[in-house]
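Structural characterization, general
Now for the letters of each chain:
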Amino acid sequence: MTLLESVIACVLLALVGVVCLEQVSEAARLQQRTAAWSDAIPAADQALAAALLNAPAPEVASSDGTPRAAGARVAASSQRRPWRAGVDLIEVTVPVASGGQLTVSHLVAAPRPRTP
């Protein structure tokens, strides 16, 4: 093998190594984004349940297993408004650590006015 062949082989190996490192780095970023969305889903679910029951949000565990209050790191906001006759729309919005937001919508029967 000549010197030129060995230099070309080293350059090719270096390129393969760079491509592999980029793939590993992208996989790590994807895992972090997935963990952020995985934290937002139970927080939105708990906030929706609390909005349905008009109760305070219970504790939600994050993806690493540490318990936290739903409003501690994730400030979920809920809104209830009329959608159609006899039906209300409840929307819960939870910001995600990666910069997005998760919105969960739920249709419920509108409360009937109480008659004395």
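Description of the structure in this document.

Procedures and definitions
Here the residue index of a chain counts from 1 through its sequence in written order. Residues qualify for local features only when their pLDDT is at least 70, as the model is predicted, and side-chain atom pairs are given and counted only at 80 or more; totals for whole chains, interfaces and linings, by contrast, use all residues. By convention in this description, side-chain values take in all heavy atoms of the structure and omit both hydrogens and water. Whether two aromatic rings pair depends on their centres lying within 6.5 Å, for rings of Phe, Tyr and Trp, where Trp uses its six-membered ring; planes under 30 degrees apart make the pair stacked, over 60 edge-to-face, and the rest tilted. In our convention, an over-ring charge means Lys NZ or Arg CZ found within 6 Å of a ring centre and within 35 degrees of that ring's normal. When DSSP finds two or more bridges between two strands, those strands count as paired. Working definition: helices are DSSP H or I runs of at least four residues, strands are E runs of at least two. Numbering for both runs from the N terminus. The axes used here are C-alpha line fits, helices contributing only the stretch in contact, and every angle between their N-to-C directions lies in the interval 0 to 180 degrees. The rule for a salt bridge is simple: a side-chain nitrogen of Lys or Arg has to be within 4 Å of a carboxyl oxygen of Asp or Glu. For each residue, the accessible area found with a 1.4 Å probe, counting protein chains only, is set against the maximum for its type, and the residue is called buried under 20%, exposed over 50%, and partly exposed in between. Under the rule applied, a polar contact is a pair of N or O atoms within 3.5 Å (in protein, one hydrogen donor and one hydrogen acceptor; residues adjacent in sequence only if both atoms are side-chain atoms). Contacts: residue pairs with any heavy atoms within 4.5 Å of one another. Nonpolar cores were defined as sets of buried Ala, Val, Leu, Ile, Met, Phe, Trp, Tyr and Cys residues, with membership established by side-chain atoms within 4.5 Å.

Details of the packing of aromatic side chains
One pass over the full model with this rule turns up 0 aromatic pairs. The residue whose ring lies beneath Arg84 is Trp83, and the NZ or CZ to ring-centre distance is 4.5 Å.

Focus on the sheet that holds strand β4 (residues 87-95)
Paired through their backbone hydrogen bonds, the strands of a sheet run either parallel or antiparallel. Judged by pairing direction, the sheet is antiparallel, and its 3 strands sit side by side in the order β3-β4-β5 without closing on themselves. If you trace the sheet from one side to the other, it starts and ends with β3 (77-84) and β5 (101-109), each paired once. The sheet shows a mean angle of 20 degrees between the axes of neighbouring strands, taken without regard to direction. One ladder, built from 9 bridges, connects β4 with β5; its direction is antiparallel. Among the inter-strand pairings, Ile90 is bridged to a residue of β5, identified as His106.

Regarding the pattern of salt bridges
Under the criterion given, the structure shown has 4 salt bridges. Here Glu26 makes a salt bridge to Arg29, at a shortest N to O gap of 2.8 Å. With Glu26 and Arg29 both in helix α1 (residues 3-53), this residue pair falls 3 residues apart, about one helical turn. Between Arg80 and Asp88 there is a salt bridge, with its nearest N and O atoms 3.0 Å apart. Overall, Arg80 belongs to the partly exposed group, its relative accessible area being 40%.

Regarding the side chain of Asp88
Looking at where Asp88 falls in the secondary structure, it is placed in strand β4. One polar contact links Asp88 to Arg80, side chain to side chain, over a distance of 3.0 Å. Excluding its chain neighbours within four sequence positions, the residues that come into contact with Asp88 are Arg80, Arg81, Pro82, Trp83, His106, Leu107, Val108, Ala110 and Pro111.

Quick look at the nonpolar core
Residues Ala40, Ile90, Val92, Val94, Val96 and Leu102 are the most contacted members of the largest nonpolar core, which totals 13 residues. Counting only elements with at least two residues in this core, the list comes to α1, β4 and β5.

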